[in-house]
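Analysis of the macromolecular model
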Protein chains: 2
Amino acid sequence: MTKPERWKAAVEDAMPAVLARLKDYVSRPSVSAQKKGIGEAARFAAALIAKAGGRAKILKEPGANPLVYGFFPAGTKGNPAKTLLFYNHYDVQPPEPLAEWDTFPFSAEVRDGRLFGRGTADNKADFVARLQAVQIVKDSEGGLPCHIKFLVEGEEEIGSPNLERYLKKYADLFRADGCIWEFGGKNEKGQLEIACGVKGIAYFELTCRTADADIHSSAGAIIDNAAWRLVRALASMKNAEHEILVEGFSDGIREPAPEEREAAKKLPFDEKVLRDVYGLKRPLITGKKGTDPREAMVFHPTMTICGIWSGYTGEGAKTVLPKEAKAKIDCRLVPEQDPVHVFACIRKHLAAKGFADIQVEWLNGQRAHRSDLKDPFIRHVIRSAAEAYGREAAVWPNAGGTGPMHLFGRYLHVPIASVGVGWYGSRAHAPNENIRISDLQEGILFLVHLLSGLSRLWPPENS
Amino acid sequence: MTKPERWKAAVEDAMPAVLARLKDYVSRPSVSAQKKGIGEAARFAAALIAKAGGRAKILKEPGANPLVYGFFPAGTKGNPAKTLLFYNHYDVQPPEPLAEWDTFPFSAEVRDGRLFGRGTADNKADFVARLQAVQIVKDSEGGLPCHIKFLVEGEEEIGSPNLERYLKKYADLFRADGCIWEFGGKNEKGQLEIACGVKGIAYFELTCRTADADIHSSAGAIIDNAAWRLVRALASMKNAEHEILVEGFSDGIREPAPEEREAAKKLPFDEKVLRDVYGLKRPLITGKKGTDPREAMVFHPTMTICGIWSGYTGEGAKTVLPKEAKAKIDCRLVPEQDPVHVFACIRKHLAAKGFADIQVEWLNGQRAHRSDLKDPFIRHVIRSAAEAYGREAAVWPNAGGTGPMHLFGRYLHVPIASVGVGWYGSRAHAPNENIRISDLQEGILFLVHLLSGLSRLWPPENS
């Protein structure tokens, strides 16, 4: 048997135990938003690390959910000067709405080759897969090629509010030379997706209050209306070509590097599939210049009305002049936009347009992050995927979504690539979340390739 | 005793019976929106007419709430060629929210000189007061100066959807030479208000649908957003100076007559009180020309966002690109705007601005109506109020609100003035609806003056 054949057999052999472990993990609800099962899940994650032969430690900052540290030392033939860090989280999204699940969200049932349950795809399967890959490499290669660390947090699904505190305090403990991020999977074309960055976010709420009480709408002839006012304020922020009109909003945006543009161009994109999946009624936004949608998804910041509400929203007609109107706005940011600056620009814009009375409340913000696609570690991840899956991965210079990657960049100065065992039908955050068991198996094998290959990327210093 | 002194004494004597009758009437819920107690209330109203010595008849169109007809013939010294018509309604608004009432809405309790209960001010006290005035005039003057008719409908609070059918069919039965409309009362200055018209309305709902499902907001870079689209569409309909930009919207607006302008100028208006009552945060709308707010309230049409909603409106941040956005819009119209034309203009406007996909759903519409302030009957009402109350009334060429007056104009060709026994604190449509008992008593006396005076306005033909 060749080495890859031996790895394949080892993964196959391990699958029953992997599945049993994963089902056990998924069956323990750990909903950070609802403060359910957090302590237990942290202890369980630590126990899984220990069972895989690693050293686990539960870190606990006051007022924060515990964070699990895991450590597997380099083998005697490995390079102890180099460290790979896995980032995972043991918390999951709330399972609601329960009625839309085909089976109980925490029953972890296998059906049609898939494992269903809240937290399967996001993010418990990845954690179990990674531990299994570490074990296989350690056993079959006579030790690990480098140190391997795990950072398993318990607040990812609520925006990682305390991650910075942990990273600041434990920067030395988590120091690493390459990082595998928590999420990923296969796209509609069956390609593995690798995200080497994320967009940032600035999320805020606008409140326009024109009176202390709702008023009979006949007064509309003389009394200003919070809803009209908010509508006008919003309309001043973005034009019909979807261009953001807030001065300073784009400050700091870094021109994409040539290799980033190149990668974006190679992303698969099928407008017809997109239109069908969501039942889109309008043309895609391509702007005046007819931008390629791939470029837009990766490199363009956004300003989205996530919600707006005012006055009477029930059945039929109620003649009311609303006292108050509110909107929730999310801006997806690209490197190096600063969410705090964006927030300030929006306030300034509103004041300049005569809407100084409209309150802007900061809900949350994170910077974008991109790793250098030319970094040897990133290239190693991409190469390992091609090797293991037998085809090129789709490489996102940054995903369209957001995560706390910039904190790892800031405190650990580490190149980061995100890969995982999900697929485009995983329904993360939605009812009937699932993974395909075949993806899980392939994903472990890919990680074995990736880990073993680190002995070439980071050879022992005296070799 | 002078005649007015005798009338005053008669009203005083009648008060205990009036109150008992009114409490009985109020204690019978008759909520048209909830289809509660409708038949019973119609029979009770008919019985009250009969008890006052009139002839009552319950008219019933299929699918419509019954409508009560009442008739009191002219006395032998009266003019049988002339008829006064009273318009009332026996239905009331829903009492909800119940928790905000100090006492049960149908317990009809007297407290601090006021009678509390749903339907007191709107519109049961007026009906009882009018019947009492008719009785007093009939008894003290040896018969009525003209025929008196009542039209008591049971669907006023749900927009009088069947009134036109009744009026069309029974136009001869209700034929009259002057009409007293259902509502009215005293303003903050203690003046009686007389409304000689109402504004019309066009109420519709806008729906913008851009997808069949909500989408993760990261897609905002390439997928259009229903909320943004609706915001832009709305912003195209009205500018920052509150001018309505919909072409054709103002078609047909009739220049106010000199006496209408004169009346509007004399209306009391206290900006400070208005600001305090509603806690207004913004300057009043006066437009570029600095229009007088009285003029605006009477003569300007409006376009009000009564409600708007889209996407996520709960606590905190949810990153969603909404599939749909909706708004409820009410336009208050002035003579001779046509609500159907207004509706068509709005659809045309949206299409012209590139929003042909936004659906416009018609919820309801009514034309405005104004009676001629120079009409002898209208002048008689105004004069009688001055005589009975000892001060000039505030005359509204039309109120800011809406009612089915135009139907009476169309089918009965009758001058109409609206007066009532409410006050500015009556809280019609709101919890703790009430009337002041002293207003009820003065209101009956005023109606006695008004009715008796008809013998001068409409002297018997052979006198």
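It should be emphasised that the depicted structure is a prediction, and the values quoted were computed from it without experimental measurement. (Residues numbered from 1 in each chain as written. Chains lettered and ligands numbered in written order. Predicted model: local features only at pLDDT ≥ 70, side-chain atom pairs only at ≥ 80, totals over all residues. Heavy atoms only, no water.)

1. Comments concerning the overall build of chain A
Our working definition: Numbered from the N terminus, helices here are DSSP runs of H or I no shorter than four residues, and strands are runs of E no shorter than two. The globule rule is 2.2 Å times the number of residues to the power 0.38, and the radius of gyration it is compared with is taken over C-alpha atoms. Only heavy atoms enter the contact rule, under which two residues are in contact if any of them lie within 4.5 Å.
When you go through chain A residue by residue, the secondary structure sums to 13 helices and 21 strands. The C-alpha atoms of chain A give a radius of gyration of 24 Å, which matches the 23 Å a tight globule of 463 residues would have. Seen through its C-alpha atoms, chain A measures out along the principal axes to roughly 85 × 45 × 45 Å. Long-range contacts, defined as pairs at least 24 residues apart, comprise 81% of the intrachain contacts of chain A with a sequence gap of at least 6.

2. Let's talk about the environment of Thr103(A)
You can see Thr103(A) is positioned in the loop between strand E3 (79-89) and strand E4 (109-111). Measuring from C-alpha to C-alpha, the distance between Thr103(A) and Ala393(A) comes to 33 Å, with 290 residues separating the pair along the chain.

3. A look at the relation of the copies chain A and chain B
We apply this condition: All copies are superposed by least squares; the fitting set is the C-alpha atoms of residues with a pLDDT of at least 70 in both.
Aligned on chain B, chain A shows an RMSD of 0.1 Å; the corresponding rotation is 180° and the shift along the axis is 0.0 Å. The symmetry that links the two subunits is that of a two-fold axis. Identified as the residue of chain A closest to the rotation axis by C-alpha distance is Trp309(A), at 2.2 Å. A share of 100% of interface residues in chain A that are also interface residues in chain B marks the association as one of identical surfaces.

4. A look at the sheet that holds strand E4 (residues 109-111) of chain B
All names here are of chain B. The condition is simple: At least two bridges found by DSSP between two strands are what make those strands a pair. All axes are obtained by fitting lines to C-alpha atoms, using only the stretch in contact for helices, and the reported angles, taken between N-to-C directions, cover 0 to 180 degrees.
Taken in spatial order, the three strands line up as E4-E5-E21 in an open sheet, and their pairing is antiparallel. This sheet does not close on itself; its edge strands, each paired only once, are E4 and strand E21 (434-436). Neighbour-to-neighbour, the strand axes of the sheet open up by a mean angle of 25°, direction not taken into account. Inspection of the sheet shows E4 paired to strand E5 (residues 114-116) by three bridges, in the antiparallel sense. Its bridge partner lying in E5, Glu109 is registered against Phe116. Where helix H3 (residues 120-140) meets the sheet, its contacts fall on E5 and E21, and the angle it forms with E21 comes to roughly 50°.

5. With respect to the interface of chain A and chain B
To be explicit about the condition: Each of two parts loses accessible area, computed with a 1.4 Å probe, when they are put together; buried area is these two losses added. Between Lys or Arg on one side and Asp or Glu on the other, a salt bridge is scored when a side-chain nitrogen of the former is within 4 Å of a carboxyl oxygen of the latter. Between N or O atoms, a polar contact is any pair within 3.5 Å; within protein, one atom must be a potential hydrogen donor and the other a potential acceptor, and residues adjacent in sequence are included only when both atoms are from side chains. Only Asp, Glu, Lys and Arg are considered charged in this grouping, and only Ala, Val, Leu, Ile, Met, Phe, Trp, Tyr, Cys and Pro are considered nonpolar; every other residue, Gly among them, is considered polar.
Contacts between chain A and chain B engage 74 residues on the former and 74 residues on the latter. Roughly 5900 Å² of surface becomes buried between chain A and chain B when both sides are summed, with 65% attributable to carbon and sulfur atoms. Considering only the surface of chain A that becomes buried against chain B, Ile222(A), Trp228(A) and Arg282(A) emerge as the three largest contributors, covering 14% of it. Scanning the region where chain A abuts chain B turns up five salt bridges. For the salt bridge of Arg282(A) with Asp224(B), the shortest nitrogen-to-oxygen distance reads 3.5 Å. Our count for the chain A to chain B interface comes out at 28 residue pairs in polar contact (both at pLDDT 80 or more). If one sorts the elements of the side of chain A that touches chain B by residue count, strand E13 (residues 304-311) of chain A sits on top with eight residues. The residue makeup of the side of chain A that touches chain B, split by class, is 36 nonpolar, 22 polar and 16 charged. Both E13(A) and strand E13 (residues 304-311) of chain B contribute to a ladder of five bridges, which runs antiparallel. Paired with Ile308(A) across the two strands is Ser310(B), which belongs to E13(B).

6. With respect to the pattern of salt bridges
For clarity, the threshold we go by: Using a 1.4 Å probe on the protein chains alone, a residue whose accessible area is under 20% of its type maximum counts as buried, one over 50% counts as exposed, and one in between counts as partly exposed.
Tallied over the entire structure, the rule returns 61 salt bridges over all chains. Close ionic contact of Arg282(A) with Asp357(B) constitutes a salt bridge, the shortest N to O distance being 4.0 Å. Here Arg282(A), found in the loop between helix H8 (271-278) and helix H9 (293-299), pairs with Asp357(B), found in the loop between helix H10 (339-352) and strand E16 (359-366), and the two come from separate chains. In this structure Asp357(B) comes out as partly exposed when scored by relative accessible area, which is 29%.

7. Considering the pairing of strand E11 (residues 200-209) of chain B
Residue and element names in this part refer to chain B. Of all 10 residues making up E11, nine are buried, and the element is well covered by its neighbours. The pairing of E11 with strand E15 (residues 324-333) spans 10 bridges and is classified as antiparallel. When the bridges of E15 are listed, Phe204 appears paired with Ile329. In the sheet, E11 pairs with E16 via seven bridges, with the strands oriented antiparallel. Looking at E16, one finds that Phe204 is bridged to Trp362.

8. Observations concerning the pairing of strand E2 (residues 67-72) of chain B
Residues and elements named next belong to chain B. Summarising burial for E2: six of the six residues are buried, a large majority. Of the two faces of E2, both are covered, the one formed by Leu67, Tyr69 and Phe71 as well as the one formed by Val68, Gly70 and Phe72. As judged from the five bridges shared by E2 and strand E6 (residues 146-153), these two strands associate in the antiparallel manner. The residue of E6 that forms the bridge with Phe71 is Lys149.

9. Regarding the environment of Ala368(A)
All names here are of chain A. Structurally, Ala368 can be placed in the loop between strand E16 (359-366) and strand E17 (369-370). Distance in space between the C-alpha atoms of Ala368 and Ala399 is 9.8 Å, their sequence separation being 31 residues. In contact with Ala368, not counting residues within four places along its chain, are Val198, Lys199, Gly200, Leu333, Val334, Pro335 and His406.

10. Description of the domain arrangement of chain A
Residue and element names in this part refer to chain A. Rules: The source of the domain bounds is an automatic or database domain assignment.
For chain A, the domain assignment lists domain 1 (3-198 + 370-457) and domain 2 (200-253 + 301-366). The interface is formed by nine residues belonging to domain 1 together with six residues belonging to domain 2. At the boundary of domain 1 with domain 2, total buried surface from both sides reaches about 570 Å², with 45% on carbon and sulfur atoms. At the boundary of domain 1 and domain 2, one finds zero salt bridges.

11. Brief notes about helix H12 (residues 405-412) of chain B
Among the eight residues that make up H12(B), seven are buried, leaving the element largely enclosed by the rest of the structure. Among the residues of H12(B), those classed as buried are Met405(B), His406(B), Leu407(B), Phe408(B), Gly409(B), Tyr411(B) and Leu412(B).

12. Considering the packing of helix H1 (residues 3-26) of chain A against helix H3 (residues 120-140) of chain A
Residue and element names in this part refer to chain A. The cut-off we apply is this: By the definition adopted for this analysis, an angle is roughly parallel if under 35 degrees, roughly antiparallel if over 145, roughly perpendicular if from 65 to 115, and oblique otherwise. Less than a right angle of anticlockwise turn of the near helix away from the far helix marks a crossing as left-handed, whereas a clockwise turn marks it as right-handed.
At their nearest, the axes of H1 and H3 sit 9 Å apart, and the two run at 140° to each other. Here H1 is positioned oblique relative to H3, judged by the angle of their axes. Of the two possible hands of crossing, H1 and H3 adopt the one that is right-handed. Side by side, H1 and H3 meet where Arg6, Trp7, Ala10, Val11, Ala14, Val18, Arg21, Leu22, Tyr25 and Val26 of the first sit next to Thr120, Lys124, Ala125, Phe127, Val128, Gln132, Gln135, Ile136 and Ser140 of the second.

13. Remarks on the packing of aromatic side chains
Selection rule: Side-chain rings of Phe, Tyr and Trp, where Trp is taken by its six-membered ring, are said to pair if the distance between their centres is within 6.5 Å; with planes under 30 degrees apart they count as stacked, over 60 as edge-to-face, and otherwise as tilted.
Under the definition given, this model contains 32 aromatic pairs over all chains. Centroid distance Phe104(A) to Phe106(A): 5.9 Å. Interplanar angle 70°. Geometry classified as edge-to-face. Considering the side-chain rings of Tyr87(B) and Trp181(B), the 4.2 Å spacing of their centres and the 40° angle between planes classify their relative orientation as tilted. Of this pair, Tyr87(B) sits in strand E3 (residues 79-89) while Trp181(B) sits in strand E7 (residues 178-181), placing them 94 residues apart in sequence.

14. Section: H8(A)
Owing to its 3.6 residues per turn, the α-helix aligns residues three or four sequence positions apart on the same side. The backbone nitrogen of Lys272(A) lies 3.1 Å from a side-chain oxygen of the residue at the head of H8(A), namely Asp270(A). Phi turns positive, to about 60°, at Gly279(A), one or two residues after H8(A).

15. Considering the sheet that holds E13(B)
Spatial strand order, E16(A)-E11(A)-E15(A)-E13(A)-E13(B)-E15(B)-E11(B)-E16(B): eight strands in an open sheet with antiparallel pairing. The outermost strands of the open sheet, each flanked by one partner alone, are E16 of chain A together with E16 of chain B. Each strand of the sheet is rotated relative to its neighbour by a mean of 15°, with strand direction disregarded. Along the sheet face, helix H6 (residues 226-235) of chain B touches E13 of chain A together with E11, E13 and E15 of chain B and points at about 20° away from the line of E15(B). H10(B) contacts E11, E15 and E16 of chain B of the sheet and is inclined by roughly 160° relative to E16(B).

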